[in-house]
Amino acid sequence: MNSSRCAACKHLRRRCPSDCIFSPYFPSNNPRRFAYVHKIYGASNVGKILQDLPVNRRAEAADSLYYEACCRIKDPVYGCVGMISILHQQIYNAQCQLAMIQAEIATLSTPSQSEDQYQFQHAENIAPTFLTHQNGASNSASFYDLSTWLD
């Protein structure tokens, strides 16, 4: 009979009745599940919560209590809310990054050929005097090493 006790009755060191409220949701092969829930909520409160719910909702409630208890044990201050906040922050960061990448794609995919031509022509017109040959013609075809200017 000892092996038929649920995790709750084993933890509480009591006999497991046939109509035990805990046995369907806290099986004997997972004692940590009830231990966490018991540590945070207490056996009496969990029993009352499960008793007040319709039978078809009790499994979801037991799963939720277990998840919330695990979060509260890992993060005693914030519990599940801390995890939710972290996930919201990750979503926000991903959305910001997506918006920046979409803006960059939009600027790169716009036809800027006329803008490039304008910049090239504008650069030819304002060529400094040291870039002009002795005969006065500007030399826009050659490249100059500008790294030595700051020496």
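Look above for the structure.
Residues numbered from 1 in each chain as written. Predicted model: local features only at pLDDT ≥ 70, side-chain atom pairs only at ≥ 80, totals over all residues. Heavy atoms only, no water.

Novice: Help me out: how do you make sense of the overall build of the chain in this one?
Specialist: Counting its regular elements, the chain contains six helices and zero strands. When the elements of the chain are put in sequence order from the N terminus, they spell out α-α-α-α-α-α. Taking all 151 residues of the chain together, the buried fraction comes to 21%. Put simply, 40% of the contacts in the chain that link residues at least 6 apart link residues at least 24 apart. When the accessible surface of the chain is totalled, it reaches about 11,700 Å², and 56% of it is carbon and sulfur. (Helix = DSSP H or I, 4+ residues; strand = E, 2+ residues; numbered from the N terminus. Buried < 20%, exposed > 50% of the residue type's maximum accessible area, 1.4 Å probe, protein only. Contact = heavy atoms within 4.5 Å. Areas by Shrake-Rupley, 256 points an atom, 1.4 Å probe, with all protein chains shown as cover.)

Novice: Mind showing me how you'd approach the packing of aromatic side chains here?
Specialist: Given two aromatic rings, one states the distance between the centres and the angle between the planes to describe the pair. A complete count under the given rule lists four aromatic pairs for this structure. Each ring, one from phenylalanine 26 and one from phenylalanine 34, has its centre 5.4 Å from the other, and the planes form 75°; the classification is edge-to-face. Each of the two residues, phenylalanine 26 as well as phenylalanine 34, counts as buried. Here the aromatic cluster, defined as three or more aromatic residues joined through ring pairs, consists of Phe22, Phe26 and Phe34. (Phe/Tyr/Trp six-rings, centres within 6.5 Å; stacked < 30°, edge-to-face > 60°.)

Novice: Honestly, the side chain of arginine 5 in this entry has me stumped. Any pointers?
Specialist: As for its position among the elements, arginine 5 is in the segment before helix 1 (7–12). Among the polar contacts made by the side chain of arginine 5, one reaches the main-chain carbonyl oxygen of arginine 14 at a distance of 3.2 Å. The residues touching arginine 5, leaving out its near neighbours within four places in the chain, are Lys10, Arg13, Arg14, Arg15, Cys16 and Ser28. (Polar contact = N/O pair within 3.5 Å; in protein donor to acceptor, adjacent residues only side chain to side chain.)

Novice: Help me out: how do you make sense of unusual backbone geometry in this one?
Specialist: For residues other than glycine, phi is negative in most cases, and the peptide bonds are mostly trans. You will see that arginine 13, though not glycine, has its phi angle at about 55°, which is positive. Relative to the helices and strands, arginine 13 is located in the loop between helix 1 and helix 2 (31–41). Among the residues examined, arginine 13 registers a relative accessible area of 75% and is labelled exposed.

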